[in-house]
Structures are given as C-alpha cells and as structure tokens.
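Observations on the three-dimensional arrangement
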Amino acid sequence: MSFLTSLALRRRSLTVLIVAMVLVGGIATYRSLPVTLFPEIEFPLITITAFYPSANPEAVVRDVTIPIENIISGIDGLDSIQSVSSENLSLSLVNFKFGIDMAETERTISNRLSEISFPSGVKEPRVARINPDEFPVLQLSVVGNRAMSDLQEIVDSLVRPAILSVEGVFSANVTGRADEQVMVALDGEKMSQLNISLFQISSALQDNKVASPAGAITEEGQTFSVRTAHSYNSLEDINSLIIGFGGSSSSTNSSVGPQSSLSSELSPIRLSEVAEVTLSPGSTSSISRTNGSPSLGIGILKNHNANTVKVTKNVLANLASLQGLPHDVKIVTITNDGPEIEAQINTLQREAIFGFLFAIAVVFAFLVTNRPTIVKGLHLALRPTLVIGLSIPLSILTGILLMGTQGMSLNFMTLGGLAISVGRVVDDSIVVLENVYRHIQRDEERLKVTLEATREVAPAITASTLTTIAVFAPLAFIQGLVGSFFLPFALTISFALIASLIVALTVVPVLGALLLKPGDFPSRLAKSVEAGAVPNVMDEERQTWMQRAYAPALLWALHHKFVTLLSALVITMGSLALILVIPVTLFPSGGPGF
C-alpha cells in the first residue's frame, strides 16, 4: 500500500483536488439517491386469484383450485403452495425459494394458466407478485357535493393528469368510480309493427363498431398498415343508427352494416324508432367513502427508482396549485408515506451527525493539553483535530459514491450502516496521524518521514480494516428475507471502511505533512521523543491526564491477574446467556417513533 502514499505525497496538489471533487460528488450523490423506508426487497411469493361466480366451495376446489395446483406444481424453485377455496373464489399463495427471478416466474405461471380449460363461468385468473413498489405511496380522496359522473369528469380531466405529470409517478389508480353505460330499452310493439327483430338490432350495433385491418400501403420502401374503424361518439350516433329498412315494399327487412344501401323505395328505420337510448350508472367493483360522503379514491404508485419523499411532495404541490378545480370539490390526503419516511431518515441523519460531532469532540478532548497554557493547548489541538475531522466525512462520502455506482437507495439499513461507520472510519486516520506526528517531532524532513511513518503502520491498519470488513461482509451472504435486509447494510459499512483505509493511506499523510508542526502536542512526553529517550509512562511528571486516570486501573489489573481474567470470563458468559431470554424478531415492536 506504500505506493499509494508515495503517489499522494508526490502529487499533493492533485490529492487535494481529488479530495474536493469527492466531497462535492459525494454530496451530489447523497442528494440524488432514492429515499425509501425499506431496502429493495423481492418477496418470493405469487398470488393466483380466480373468481367462479355462483359456485360453492366444492365446485371451486374441483374446477379451479386443483387444476391450478396441478399445472404449476412442476415450476423450478417452487417451495410450497397454499390454497384457499371459498364460495365464488379460489386463492393460491405460491411460495418460491429466494434467488428465483420472480418476473420470469410470473410470466411462466401466466403462460401455464392459459393452457387450462376452465368451465365457462370461471373468470380469467389474476397472477400478481408481492412487490413493495405496487403499494401506493400516497392515497387521496376527491370529495364534492355533486353527481358522481361530474366528480369522475373532474378527476379524469383535471386531477389525474396533474398527478401523472409529476416526475417519478408510475400510475394513479382511481377507485370508487362507476362509469356510465348506454342502456337500450326496446319497444316490442313497435318492433313488431316495423318487422324488426332483436337479432337485427344486435347485429347493427356490433357491425357499426368495428376496427379491422384493411391492407397495407407501401411508399418509398416503407410499408404502413391500414385499419378501418367506426365507433360511437355520442347518444345521437346510436339513436340515428340504421337497423333496417321498411316502407311500401313487402320484402323482409335486413340488418345493415356501415354505409349499407338498399332500394330507394325503402325508408331507413333508425334505432330511436323502436328503442329508448339513455345513459345510466354502470356497475362498480369498489365503493369509496370519505367522512361518510361518496368520493373517489386515488392511489398513487411511484416508479421503481423514484424518491418517495420527493414524489409525494411534488404531487401535493401540483394539486395545491391546480387551476380550474371547483370550489366545492376538495382533495383530502388519506395516507402519505412521505412524511413518515422523511422523519425516519432525518432521525438517522441526525444521529449520524451527532456521532460525527461526538467523535470529533472525543478526539479533540484527548489531543488538548494545558501545557504551556490552556489557551495555547486548545489552539495547538485544532490542526490535528481538523485532519481527523476531515477524514470522517471524506470516508463517508466516498462510501456514498460507491453506493451510487451500485444503484442503492437511502433507507433505514444503509443510513444505519453509515451511522455505525462514523465511529470506525476515524480509527485508521488516528493511527496514521499519530505516527506521522511522532516522526515530525524529531525535526526530520517532512515528506520523507511522513512516507516512512505511514509505511510503518500501513500493514496494521490494513489488517484491522479488513478484519472489521470480514465481520460485516458475511451478512451479505445470509439467505432469505433477512439477507435481503442486511445486504445493503453490509455493503454500506464495507464501502465506508474501504474508503477510510484509502483516506488514511493517502489523504491523511498529505494533510499531516501540510498541517502538523513540531510542538502541536506540547507535553513532556513529546519532549522526551524529541530527545530520543524512551519515556516512562508511569512517571507522574510525564503522564497526561488520561494516563493519570488510566494507570492505577491498569496497575491493579496487572497485580490481580486471576481476578481480572475471571471477571472477564463471567461477564462474557453472562452476556451470552442473555441470548436465551432476549426476544427474537425481524422488526422491533412499537410505533413509528421507536
């Protein structure tokens, strides 16, 4: 590793420039990372739902559930199938082993289900994965003292487009709506008088709503497909639809398609002559109520890599500035994941900042001295504290840059890893800085002794850092749901520790050579180092305040070896015994504030 230190010391200006670029890039990456409460998790579970109207549970089992179980039983990675058959409904929960490509598995199941010949009454089975991104991050309710059809028009023309225009929004699903449908009420007496049959009317309605291929056009070497289409745009189009012909001729009336023509002696018979065409509310599969009043619910889903907090804020801001919304129509927020996630993330950020400040305070407390005066001691401790203080954010932001290259997000696991790393990334820098200072105290040539001092401790700090990484890295290889949570945690800590080692071997020596001066730690211990003597740390006059507090405890432990070792053994075994009584759970119980 000494070549890194040598290169950094030879190119000090470039090293300082890289430090500035990493700080700026790390902050920019931190601000651009997606913010979510949980890490990205793909649950190995697929649900299959099939409706069989008017069927009892026995029929559902026989005609739906058993065929579904039989056809999916041979899929690779299948772990178990749990099915519930009730009246009108079959629900199958298909569990797979972790590591299976669930998107491909979902397609395989859908293809296999299409091969089943269900009874005529069975609805097409619905296959769905359990995906956190498929749950709404924001749920709204549109309430207004007006007809539901008018409310639906407002949602479709104003509210929903405003939501979908926000960057990061995947979809806005409306619930509680009852789309209008066209009702054709036939008059049997008039149909008999005009000799019109039900088949004629049905055929005319179907034949005049068409969309079919009409060949192709080739121009300049390019071929364009041509389709013909005809549809109904209003009730007037349906009322004026020609369903047959009648008049002086006694010939049989016939159904007609678009643009049909018969003898001019026959007059056209339009649908309005034998039926009343009206709009009526259609059937609905969901009902939405807000404070007891009819409403329309809107569930907003975000894109896979979108920032939950930013998406929810931008959606609400767009709706707050929405133009043209009637005064009697209100948009009520039902659930909003943004504030909760933001609060949790801000708590972790605050704790990480406190950890950084406490680490700097502890380092400063151990570096400060009252020799020759307390004011001078405070002043002299600032430069080495600055070096240590810079190494912490530099290591953390370098780790965040590595997180960005891996497409990771900021969540409670990654931020927890960063918070833990704050207290560890400073260790390597302290060791290097102390050794650099010890060599500089001898008034030797700065760059030469800085390289030599770093080379002396490089193997030790490298081994220490790799050992710590070896403790956390295995968490990334845990299988199952727990492993999905701990993978980003282990990667985040590993990235930060690797960054701290690189910073300690490159940036700290450069900053130490530039900022440290002989006498930064004016103590009798430093003077003995300058003189080349071996200090006696038990000499009362040469001890620092920390040594004076620690030395008696150390002496007592050395003089009572058996008691010390026995106490350590009892404490260790007692701590291990607590594992038997401490509850084990994936997440702790309690509200969002805990």
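In this report, we go over the structure that sits alongside the text.

Another point: the pattern of salt bridges. A complete count under the given rule lists seven salt bridges for this structure. The partner of E342 in a salt bridge is K313, and the shortest N-O contact between them spans 2.9 Å. Taken together, the residues E342 in helix α10 (residues 337-367) and K313 in helix α9 (residues 308-320) connect sequence positions 29 residues apart. R424 is paired through a salt bridge with D428; the nearest N and O atoms lie 3.6 Å apart. Here R424 and its partner D428 are both found in helix α13 (residues 412-440), four residues apart, which amounts to about one turn of the helix. D428 carries the same exposure label as R424, and that label is buried.

To continue, consider helix α15 (residues 480-515). With 36 residues, α15 should cover 52 Å at 1.5 Å per step; its first-to-last C-alpha distance of 50 Å lies within 8% of that length. Of all bends in α15, the biggest is about 40°, found at V503. Taking burial as the measure, the 36 residues of α15 include 27 buried ones, the bulk of the element.

Phi is positive for S54, close to 65°, though the residue is something other than glycine. Position of S54 relative to the elements: it lies in the loop between β1 (45-51) and α3 (57-72). The class for S54 is exposed, based on a relative accessible area of 78%. We note that N195 has phi near 60°; this positive angle belongs to a residue other than glycine. Inspection of the secondary structure assignment puts N195 in the loop between α6 (188-193) and α7 (198-207).

Turning to the sheet that holds strand β3 (residues 89-96), a few remarks are in order. Spatial strand order, β2-β3-β1-β4: four strands in an open sheet with antiparallel pairing. The strands lining the two open edges of the sheet, one partner per strand, are β2 (78-86) and β4 (126-129). The mean angle between the axes of side-by-side strands here comes to 15°, regardless of whether they run parallel or antiparallel. Bridge analysis of β1 against β4 gives four bridges, and the strand direction is antiparallel. Bridge pairing in β4 links I48 to V127. Sheet strands touched by helix α4 (residues 102-113): β1, β3 and β4. Its angle to β4, the strand with the most contacts, is close to 170°.

Conventions and cut-offs
- Residues numbered from 1 in each chain as written.
- Predicted model: local features only at pLDDT ≥ 70, side-chain atom pairs only at ≥ 80, totals over all residues.
- Heavy atoms only, no water.
- Salt bridge = Lys/Arg side-chain N within 4 Å of Asp/Glu carboxyl O.
- Helix = DSSP H or I, 4+ residues; strand = E, 2+ residues; numbered from the N terminus.
- Buried < 20%, exposed > 50% of the residue type's maximum accessible area, 1.4 Å probe, protein only.
- Expected span 1.5 Å × (residues − 1).
- Bend = angle between axes of the 7 residues up to and from the residue.
- Pairing = 2+ DSSP bridges.
- Axes fitted to C-alpha atoms, helices over the stretch in contact; angles between N-to-C directions.
- Contact = heavy atoms within 4.5 Å.

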